[in-house]
There are 2 protein chains.
Amino acid sequence: MKTVAELTERFRAQGLRVTPQRQAIFGLLEGNDGHPTVEALYEAARSEMPAISLKTVYHTVNDLAAMGEVELLDLGTGSYRVDPNVEHAHHHLICIVCGRVRDVTLDGRPPSVPARLRDGFSVAAVEINFRGVCDECAGSEESTR
Amino acid sequence: MKTVAELTERFRAQGLRVTPQRQAIFGLLEGNDGHPTVEALYEAARSEMPAISLKTVYHTVNDLAAMGEVELLDLGTGSYRVDPNVEHAHHHLICIVCGRVRDVTLDGRPPSVPARLRDGFSVAAVEINFRGVCDECAGSEESTR
DNA sequence: GATGTTATCAACAACGATTGTCAGTTGCCA
DNA sequence: TGGCAACTGACAATCGTTGTTGATAACATC
């Protein structure tokens, strides 16, 4: 994820304007290693800018995604999550209880499709999702049993 | 995927009723190696039972999923796809153009999360999605260029 | 600085996929 | 065969997301 200043530069270079709302969103994403939902980003943005609309947040993250500065993940948790980590190839640990997402980088090389099964299909990306229960949810499940 | 007769048996054993609508859906899924959307299943069911409702199809596939007889896949293509292949571990090739889904079984063992990154997270399932363009879509893109 | 063009903002409503409600019907077990 | 619980299907609600719109504000040029 680039800095707020770099993103401002890139937006201008693309002919997009840089508004206070957008800069607030840039700031929230910079160095954010969580994977906030758009809704969560919206809530965070509202705390420093109460008038911002959900639509603006969607618009901005879509622009960022179109420029390749973030990735929008649809991990089956019901809503998009914004992943600012696009520089390093990585995969995801997804908690099936709370929906939290964590990055993992794998040792070794990624799996590939056996040639005999490829059958004309050209693979552009390999996405690996580890689904399970995070430590926090495991703890609280334990205590409610 | 079990046969229609076996599914009928299992539904009864669970205290669920077996209606003509449900049997029609069982029949459509048996030996189906595509990954139909719920909507597609609905269309197919309607051709042999015009009065069936979309709600009934959703209800039935949800029951099947709860019993572990099918899996409902959310692969980011906008809607659920029904995967009747639950007996053999497999992964998916997903065409980013047409949304079609194909099964793949990998040689070698599945990747795992390095212990140093696991950090209390217990992995229950590994899901690998290969995204790319299928042969048919590659062909038609070629021709429209 | 001032100005005009044009993208952006935010309220509203639409959208598709999925699920809840509810009255009437029907399968299943005794 | 009877009775109950589960199912069906029409309708509408819900969720996350996106299109539309008049008003506003940022940018480049002067």
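These numbers come from a predicted model, not from an experiment.

(A) The protein's contact with DNA strand D, seen in detail. Residues in contact with DNA strand D amount to 19 residues; listed here are only the nearest, Arg12(A), Tyr58(A), Tyr80(A), Arg17(B) and Thr19(B). Of everything in DNA strand D that lies within 4 Å of the protein, sugar and phosphate atoms constitute 68%. Between DNA strand D and Tyr80(A), the relevant distance is 2.7 Å, taken from a phosphate oxygen to a main-chain nitrogen or oxygen of the residue. Within the side chain of Arg17(B), a nitrogen or oxygen atom sits 2.6 Å from a base nitrogen of DNA strand D. Contributing elements (two or more residues each) for the surface near DNA strand D: helix 4 (54–66) of chain A together with helix 2 (20–29) of chain B. At 4 residues, the largest contribution of residues to the surface near DNA strand D is made by helix 4 of chain A. Tallied by class, residues from the surface near DNA strand D come to 7 nonpolar, 7 polar and 5 charged.

(B) Spotlight on the pairing of strand 4 (residues 101–104) of chain B. Residues and elements named next belong to chain B. Relative to strand 4, strand 3 (residues 91–95) runs antiparallel, the two sharing 4 bridges. Across the sheet, residue histidine 91 finds its bridge partner in strand 4, namely valine 104. The hairpin formed by strand 3 and strand 4 contains 5 residues between the paired strands, and glycine 99 there has a positive phi angle of roughly 85 degrees.

(C) Just the interface of chain A and chain B, in detail. Of the residues lining the interface, 34 residues belong to chain A; the matching set on chain B comes to 34 residues. Summing the contributions of chain A and of chain B, the shared interface buries around 2,900 Å²; its carbon and sulfur component is 56%. When the shortest N-O distance is used, the salt bridge between Arg116(B) and Asp107(A) registers 2.6 Å. The interface formed by chain A and chain B contains 14 residue pairs in polar contact (both at pLDDT 80 or more). Listed by contribution, the elements that provide at least two residues to the side of chain A that touches chain B are strand 3 (91–95), strand 4 (101–104), helix 5 (115–118) and strand 5 (122–133) of chain A. By residue class, the composition of the side of chain A that touches chain B is 18 nonpolar, 7 polar and 9 charged.

(D) The relation of the copies chain A and chain B, seen in detail. Mapping chain A onto chain B is achieved by rotating through 179 degrees and translating by 0.0 Å along the same axis, at an RMSD of 0.2 Å. Taken together, the rotation and translation relating the two chain copies correspond to the operation of a two-fold axis. When C-alpha positions in chain A are compared against the rotation axis, the closest is assigned to Ile128(A), at 2.3 Å. A high fraction, 100%, of the interface residues of chain A reappear at the interface in chain B, so the copies pair face to face through one surface.

Calculation notes
Residues numbered from 1 in each chain as written. Chains lettered and ligands numbered in written order. Predicted model: local features only at pLDDT ≥ 70, side-chain atom pairs only at ≥ 80, totals over all residues. Heavy atoms only, no water. Near = heavy atom within 4 Å. Polar contact = N/O pair within 3.5 Å; in protein donor to acceptor, adjacent residues only side chain to side chain. Helix = DSSP H or I, 4+ residues; strand = E, 2+ residues; numbered from the N terminus. Nonpolar A, V, L, I, M, F, W, Y, C, P; charged D, E, K, R; others polar. Pairing = 2+ DSSP bridges. Contact = heavy atoms within 4.5 Å. Buried area = accessible area lost by both parts, 1.4 Å probe. Salt bridge = Lys/Arg side-chain N within 4 Å of Asp/Glu carboxyl O. Least-squares fit on C-alpha atoms with pLDDT ≥ 70 in both.

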